[in-house]
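Next come the chains, spelled out residue by residue.
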Amino acid sequence: MNAGITAERVYQALRARIMSRDFRPGDRLDPAVLAAPMAASVTPVRDALHRLTGEGLVETRLAGGFHLPSLDEPGLEDLYDWSNDLLLLAIGAWPSVASSVVGDLPDGATLPGRVAALFLAVARRSTNREHALAMDRLNARLHAVRTVECHVIAGTNAELAALSAAVSAAERGNLKVLCRRYHRRRRRAAADIVRAVYRAE
């Protein structure tokens, strides 16, 4: 099999496993152990882990080896703050002519998938392409956390519906208010969300 195809397959498989919470925060990711189930050699697995390290989904430690980053309350608060800041920057960089940004979100998508699609649509509307690149990576880093938010925070579906409506109507002022409220609720619940991530099977 072509080395480039294998490398991309391994990368996508590992990324999907991390986002679906196959590993717990802090787990060691051994390339030799990960390689066998993917019918790959250690080299493309190690390369994929280096790539994922650059995206913030994996980390290397002084003691050696790859690990899933540990999750704590201050770190999660920082991620929520960055998500809020990035969305506000993107909205501020929308073209001056108002237009619809995104249509209806797919009914079959999971809540984390719908949030990611909506926030990425907001970032892609920006005239600065770096906003979309940054949001795509941030969505991946927050995906596992978003899978447990609905167990900690009430009304997440209604909250997302309001955000989606504001985005579709290109209501910048209202959208900024809703984005701040969305992230403020999660920041206040950060400790409970961290506990839910570690408790979840």
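Here the structure is shown first, and the text comes after it.
Bear in mind that the values here come from a model prediction, so they are computed numbers and not experimental data.

Before going further, it helps to spend a moment on the packing of aromatic side chains. Counted according to the given criterion, the structure contains 1 aromatic pair. When the ring of F119 is compared with that of Y182, the centres are 5.3 Å apart and the planes differ by 80°; the resulting orientation is edge-to-face. Here the residue F119 occupies a position in helix α5 (residues 111–125), and Y182 occupies one in helix α8 (residues 172–188), the gap between them amounting to 63 residues. Taking NZ or CZ as reference, R51 lies 3.5 Å from the ring centre of Y11, over its face.

Per the counting criterion, the structure on display carries 0 disulfides. Here C150 is not cross-linked by a disulfide; its sulfur's nearest cysteine counterpart is in C179, at 20 Å. C179 gets classed as buried once you look at its relative accessible area, which sits at 2%.

Before going further, it helps to spend a moment on the pattern of salt bridges. For the structure shown, the criterion picks out 11 salt bridges. Taking the shortest distance from any N to any O, the salt bridge between D81 and R187 comes out at 2.9 Å. Here R187 lies in helix α8 and D81 lies in helix α4 (residues 73–92), a separation of 106 residues in the sequence. Judged by its relative accessible area of 33%, R187 falls in the partly exposed class. In this structure, the salt-bridge partner of E159 is R186, at a minimum N-O distance of 2.7 Å. In this pair, E159 is assigned in helix α7 (residues 156–168) and R186 in helix α8, connecting sequence segments 27 residues apart. Note on E159: relative accessible area 13%, which makes it buried. When salt bridges that share partners are traced, they join E149, E159, R185 and R186 into one network.

A separate point is the sheet that holds strand β1 (residues 28–29). Sheet architecture is open: 3 strands sit in the order β1-β3-β2, paired in antiparallel fashion. In this open sheet, the two strands that pair with only one neighbour each are β1 and β2 (59–60). Relative to strand β3 (residues 66–67), β1 runs antiparallel, the two being bridged by 2 bridges. Bridging across to β3, L29 finds its partner in F66.

Bringing α4 into the picture now. Side chains three or four residues apart in an α-helix point the same way, a direct result of the helix having 3.6 residues per turn. In a regular helix each residue adds 1.5 Å, so 20 residues correspond to 28 Å; α4 covers 29 Å between its end C-alpha atoms and thus fits that length. Among the residues making up α4, those that are buried are L76, E77, L79, Y80, S83, N84, L86, L87, L88, A90 and I91. The elements touched by buried residues of α4 are α5, α6 (129–152), α8 and α9 (190–199).

The tendency in soluble globular proteins is for nonpolar side chains to be buried side by side. Counting 38 residues, the largest nonpolar core has L76, F119, V122, L163, L175 and I193 as the members making the most contacts within it. Elements with a minimum of two residues in this core: α4, α5, α6, α7, α8 and α9.

Criteria and thresholds
- Residues numbered from 1 in each chain as written.
- Predicted model: local features only at pLDDT ≥ 70, side-chain atom pairs only at ≥ 80, totals over all residues.
- Heavy atoms only, no water.
- Phe/Tyr/Trp six-rings, centres within 6.5 Å; stacked < 30°, edge-to-face > 60°.
- Helix = DSSP H or I, 4+ residues; strand = E, 2+ residues; numbered from the N terminus.
- Lys NZ or Arg CZ within 6 Å of the ring centre and 35° of its normal.
- Disulfide = S-S within 2.5 Å.
- Buried < 20%, exposed > 50% of the residue type's maximum accessible area, 1.4 Å probe, protein only.
- Salt bridge = Lys/Arg side-chain N within 4 Å of Asp/Glu carboxyl O.
- Pairing = 2+ DSSP bridges.
- Expected span 1.5 Å × (residues − 1).
- Contact = heavy atoms within 4.5 Å.
- Core = buried A, V, L, I, M, F, W, Y, C linked by side-chain atoms within 4.5 Å.

Just geometry here; none of it tells us what the structure is for.
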